Amino acid sequence: MKAMIVYNPAAGLHAPPTEMSEVVRLLAAEGIEVVGPKPTLGPGDATTYAREAVAQGCEAIFVAGGDGTLAQVADGLIGSATALGVLPGGTGNVFARQLNLPVAGPLHPKPMLEATRALLAGDIRRVDVGSVTLQGGIVRHFLAWSGIGFDAMVNRAVNADPERKRQLGLAAFALTAFMSLRDMAGTPTRLRVDGARANCRLLMLVVNNIQLYGVVFKMAENAVIDDGQLDVYAFQGKDPHASCCTPRGWPCAATSRIHKWGSIAGGGSKSRRGGPCQCTWMATTSATHRRSSKSCRTRSI
């Protein structure tokens, strides 16, 4: 077996080179030909490495980094037979938590090494992958969730200051969210999900592939990573000038109240709400979310 290791030295609270060396030795001891480890030096590097892994015939790519690094790797693995192995090395490690992999803490001083052992003992499964088409036709993929509005604003602000993120960890997200939410009333938005339409002031919309949102909040309780569905949730803000029009007779929601809009299906099938496989909205930026007809292979335990 041939496998590549990719790691993000800027992810997480610290970069443990000794633990990475132990991961390499463990894989080599299992008879795996290791390519790397390859460090990411900037945005897009993880995608490039993933495509190289596919081109070189690697059966797996082990990724040590956070959820952002995993998403970039997914961009390069879509449509291939190369499996993705998650080594928790980021700040939140939400996707790793959803897979019940160990994350850094008193009980797991070497989470990446422990995760490697677990992955080697696990099975390879195909999971759903969401895609986002941005303005200009740029396509991005996600394994966990994708959001617009407040969600995107907080992530952009936190990632704009990597050193602060490294020093504060998860507290950087909480602090930025608190400071941003005080002055945010939402954006006038037109939504279309499974044929249902609404005009409202949107605070945030999140398309989920997993149950967890953030580290502990289980937003999409019924989400399953390989059920062919993406679960859509909308948070409505305050509109001081007009009432909110919600689909199918729903009452207007107060600030931050959450609506389950249903699920988007892929591959031309129908969703649980029975509509077409499309979720479109128009606000400051426009984008289309859908479940990719292609999937990504991951190891589960």
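Residues numbered from 1 in each chain as written. Predicted model: local features only at pLDDT ≥ 70, side-chain atom pairs only at ≥ 80, totals over all residues. Heavy atoms only, no water.

1. Examining the overall build of the protein chain
- Helix and strand counts for the protein chain stand at eight helices and 17 strands.
- A separation threshold of at least 6 residues defines the contact pool for the protein chain, and within that pool the share at least 24 residues apart is 65%.
- Carbon and sulfur atoms make up 54% of the accessible area of the protein chain, which amounts to about 13,900 Å² in all. (Helix = DSSP H or I, 4+ residues; strand = E, 2+ residues; numbered from the N terminus. Contact = heavy atoms within 4.5 Å. Areas by Shrake-Rupley, 256 points an atom, 1.4 Å probe, with all protein chains shown as cover.)

2. What about the nonpolar core?
- Counting 58 residues, the largest nonpolar core has Ile61, Leu84 and Phe95 as the members making the most contacts within it.
- A total of five residues in this core trace back to one element, the largest contributor, which is strand β3 (residues 60-65).
- With 12 residues, the next largest nonpolar core counts Val132, Phe142, Val193 and Leu205 among its residues. (Core = buried A, V, L, I, M, F, W, Y, C linked by side-chain atoms within 4.5 Å. Buried < 20%, exposed > 50% of the residue type's maximum accessible area, 1.4 Å probe, protein only.)

3. Topic: the pattern of salt bridges
- Enumeration according to the criterion identifies two salt bridges in this entry.
- With its nearest N and O atoms 2.8 Å apart, the salt bridge here joins Lys110 to Glu22. Pair noted here: Lys110 is in the loop between α4 (94-98) and α5 (111-121) and Glu22 is in helix α1 (residues 17-29), with a separation of 88 residues, a long-range link.
- Given the relative accessible area of 35%, Lys110 is considered partly exposed. (Salt bridge = Lys/Arg side-chain N within 4 Å of Asp/Glu carboxyl O.)

4. Some details on the packing of α1 against α5
- α5 packs onto α1 with a crossing angle of 20° between their chain directions and a minimal axis gap of 8 Å. As the angle between them shows, α1 and α5 are arranged roughly parallel. Our pair here, α1 against α5, has a crossing hand that is right-handed. Contact residues: α1 offers Glu19, Met20, Glu22, Val23, Leu26 and Leu27, while α5 offers Pro111, Met112, Leu113, Thr116, Arg117 and Leu120.
- Residues of the contact of α1 with α5, tallied by class, amount to eight nonpolar, one polar and three charged. (Axes fitted to C-alpha atoms, helices over the stretch in contact; angles between N-to-C directions. Parallel < 35°, antiparallel > 145°, perpendicular 65-115°, else oblique. Left-handed = near helix turned anticlockwise from the far one by under 90°. Nonpolar A, V, L, I, M, F, W, Y, C, P; charged D, E, K, R; others polar.)

5. Observations concerning the side chain of Asn209
- Along the chain, Asn209 falls in the loop between β10 (196-208) and β11 (212-213).
- Setting aside residues up to four positions removed in sequence, Asn209 forms contacts with Asp128, Val129, Leu143, Ala144, Trp145, Ala223, Val224, Ile225, Gln229 and Leu230.

6. Thoughts on the environment of Val206
- Within the element layout of this structure, Val206 appears in strand β10.
- Note: C-alpha distance between Val206 and Ser146 (60 residues apart in sequence) is 5.7 Å.
- In this structure Val206 touches Trp145, Ser146, Gly147, Tyr213, Met219, Asp231, Val232 and Tyr233, once residues within four positions along its chain are discounted.

7. Structural notes on the pairing of strand β13 (residues 229-236)
- Most of β13 sits inside the fold, with eight of its eight residues counted as buried.
- Alternating positions in β13 separate into two faces, Gln229, Asp231, Tyr233 and Phe235 on one and Leu230, Val232, Ala234 and Gln236 on the other, with burial throughout.
- Pairing of β10 with β13 involves six bridges; the strand directions are antiparallel. Bridge pairing in β13 places Leu202 opposite Gln236. (Pairing = 2+ DSSP bridges.)

8. Focus: the pairing of strand β1 (residues 2-7)
- Of the strand pairs in this sheet, β1 and strand β2 (residues 33-39) are connected by five bridges, and their pairing is parallel. Residue pairing for β2: Lys2 is matched across the bridge by Glu33.

9. A closer look at the side chain of Thr40
- Structurally, the position occupied by Thr40 is in the loop between β2 and α2 (45-55).
- A relative accessible area of 9% means that Thr40 is categorised as buried.
- Looking at Thr40, its side chain comes within polar contact range of the side chain of Asn8, at 3.3 Å.
- Once residues lying within four places of it in the same chain are set aside, the contact partners of Thr40 are Val6, Tyr7, Asn8, Pro9, Asp45, Ala46 and Tyr49. (Polar contact = N/O pair within 3.5 Å; in protein donor to acceptor, adjacent residues only side chain to side chain.)

10. A short note on unusual backbone geometry
- Pro37 follows Gly36 through a cis peptide bond whose omega is 10°.
- Within the fold, Pro37 resides in strand β2.
- Backbone geometry at Asn93 places phi at a positive 50°, although glycine is not the residue there.
- You can see Asn93 is positioned in the loop between β4 (83-88) and α4.
- A relative accessible area of 6% places Asn93 in the buried class.
- Phi angles above zero are rare outside glycine, and Asn100 is one such case at about 60°.
- By secondary structure assignment, the location of Asn100 is in the loop between α4 and α5.
- Under the relative-accessibility criterion, Asn100 is labelled exposed at 62%.

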